[in-house]
Amino acid sequence: QVQLVESGGGLVQPGGSLRLSCAASGRILSFYSMGWYRQAPGKQRELVASITKGGTTNYGETVKGRFTISRDSVKNILYLQMNSLRSEDTAVYYCKSLTYRDQSNWGQGTQVTVTS
């Protein structure tokens, strides 16, 4: 079973930037897709961004134009560059992998707090 470890979360002021990383124990190009999700207190987990093996990306409506998903297939790391952060981006951010057999694995999450 693949292990996913997120890092890069923290405290940032509105308008600031953070880059999250998700280190995978396996080859990320072996997955059908990988993605970032987030969950704020009292809310459901939602898609932030995803990327397929072929490189097709998809973003949640609230982050389009501000966040960018990317990957390093040599280092097996998934990234999420977050710019122009807002207080409503505060959440725990999770990395997810999806295999061709429709098996999902999740990381433990990393907290992002946007506050002045």
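Just so you know, these numbers come straight off a predicted model, no measurement behind them. Position numbers for residues start from 1 in each chain and track the written sequence from start to end. Side-chain atom pairs in this predicted model are given and counted only at pLDDT of 80 or more, local residue features only at pLDDT of at least 70, and totals for whole chains, interfaces and linings cover all residues. For side-chain calculations, the full set of non-hydrogen atoms in the structure is used, while hydrogens and water are omitted.

Here we take up the environment of leucine 85. Checked against the element boundaries, leucine 85 lands in the loop between strand E8 (77-82) and strand E9 (91-98). A sequence separation of 67 residues divides leucine 85 from leucine 18, and the C-alpha atoms of the two residues are 8.3 Å apart. By the convention used here, residues are in contact when the closest approach between their heavy atoms is within 4.5 Å. Leaving out residues up to four positions away in the same chain, leucine 85 has contacts with Val12, Pro14, Gly15, Gly16, Ser17, Leu18, Arg66, Phe67 and Val114. Strands are runs of DSSP state E lasting at least 2 residues, helices are runs of H or I lasting at least 4, and numbering of each runs from the N terminus.

With that out of the way, let us pick up the pairing of strand E3 (residues 18-24). Relative accessible area decides the class of each residue, using a 1.4 Å probe on protein chains only: under 20% of the type maximum gives buried, over 50% gives exposed, and in between gives partly exposed. The element E3 is largely enclosed, with a buried count of five among its seven residues. Paired strands, in this sense, are two strands between which DSSP finds at least two bridges. Across four bridges, the pairing between strand E1 (residues 4-7) and E3 is antiparallel. Looking across to E3, one finds that valine 5 is bridged to alanine 23. Bridge count between E3 and E8: six bridges; the pairing is antiparallel. Bridge pairing in E8 places cysteine 22 opposite leucine 78.

This brings us to empty space enclosed by the protein. Of the two site types, the cavity is a set of points on a 1 Å grid over the protein atoms alone where a 1.4 Å probe fits but cannot get out, and the pocket is an open set with protein on both sides within 12 Å along at least five of seven lines, each lined by residues with an atom within 4 Å of a point. Grid points are joined across faces, edges and corners, and a volume is the space filled by probe spheres set on the points. Taken as a whole and assessed by the stated rule, the structure comprises one cavity of 30 Å³ or more. Counted as a void, the largest cavity has a volume near 40 Å³. Residue assignment for the lining of the largest cavity shows that the elements contributing at least two residues are strand E4 (33-39) and strand E5 (46-52). Residue type decides the class: Asp, Glu, Lys and Arg count as charged, Ala, Val, Leu, Ile, Met, Phe, Trp, Tyr, Cys and Pro as nonpolar, and the leftover types, Gly among them, as polar. For the lining of the largest cavity, the residue count by class is five nonpolar, two polar and two charged.

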